[in-house]
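Structure assessment
Below, each chain spelled out in residue letters.
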Amino acid sequence: MPRLIRQFISLCTHVPNTLLAFVARFSIAAVFWKSGQTKIQGLEIDIVSREFTLGWPRLSDSVVDLFRDEYRLPVIPPEMAAIMAAFAEHFFPLLILFGMATRLSALALLGMTMTIQLFVYPDAYPTHGTWAAVLLYLMVHGPGKLSLDHWLAKHFQ
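Worth saying up front: this structure is predicted, and the values here are computed from it rather than measured. (Residues numbered from 1 in each chain as written. Predicted model: local features only at pLDDT ≥ 70, side-chain atom pairs only at ≥ 80, totals over all residues. Heavy atoms only, no water.)

Residues of the chain with pLDDT of at least 70 account for 100%, and the chain-wide mean is 95. Within the chain, the lowest mean pLDDT, 88, falls on strand 3 (residues 51-53), and the highest, 98, falls on helix 6 (residues 125-141). (pLDDT = per-residue confidence, 0-100. Helix = DSSP H or I, 4+ residues; strand = E, 2+ residues; numbered from the N terminus.)

Spelled out as structure tokens, the structure:
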């Protein structure tokens, strides 16, 4: 049995970082993108379910009320928080998905995750811990070779 365990561990260590980073990038980008899509109307892009509505995005009718009545962030007015969240949940996931400014984008979404955890849904720590782990992985290990960051570093060093 110990030999089988050692073989399994050895096999696990051969999984390429590029594959792990790509799965991490796609997954965490999808989490935040889908959340951002609930905050806007006029633009819907879901590559998995193949739903596309192209148009000029605007805040959903109820999103400011959501920030005012449920999220209740301190200091930031709900109108500004709704715009900031909708923007961040679209902009940073796109950057992460393409592997562009990955570490900084992961840091931005980690900050957003911490804000949600501390001020909005403190009981959701299992979910937020998972998001944080993926974002920290990307910050520490980077986006992998299938990324614009890697391509830029390779061509402009």
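Evaluated as defined, the whole model comprises four salt bridges. Two residues, aspartate 65 and arginine 68, come together in a salt bridge whose shortest N-O distance is 2.8 Å. One end of the pair, aspartate 65, and the other, arginine 68, are both in helix 3 (residues 63-71), three residues apart, so they sit about a helical turn from each other. In this structure, the salt-bridge partner of glutamate 79 is arginine 68, at a minimum N-O distance of 3.1 Å. Separated by 11 residues along the polypeptide, glutamate 79 in helix 4 (residues 78-98) and arginine 68 in helix 3 bring together distant segments of the chain. Assessed through its relative accessible area of 42%, glutamate 79 is described here as partly exposed. (Salt bridge = Lys/Arg side-chain N within 4 Å of Asp/Glu carboxyl O. Buried < 20%, exposed > 50% of the residue type's maximum accessible area, 1.4 Å probe, protein only.)

Scanning the model with the defined rule gives six aromatic pairs in all. Ring geometry for phenylalanine 67 against tyrosine 71: centres 4.7 Å apart, planes inclined by 80°, an arrangement best described as edge-to-face. Of this pair, phenylalanine 67 and tyrosine 71 are both found in helix 3, four residues apart, which corresponds to roughly one turn of the helix. Both residues of the pair, phenylalanine 67 and tyrosine 71, belong to the buried class. Ring plane angle 70° and centroid distance 5.2 Å describe the contact between phenylalanine 91 and phenylalanine 92, whose orientation is recorded as edge-to-face. Take phenylalanine 91: its relative accessible area is 36%, and that puts it in the partly exposed class. Put simply, the rings of Phe67, Tyr71 and Tyr121 touch in pairs and so form one group of aromatic residues. (Phe/Tyr/Trp six-rings, centres within 6.5 Å; stacked < 30°, edge-to-face > 60°.)

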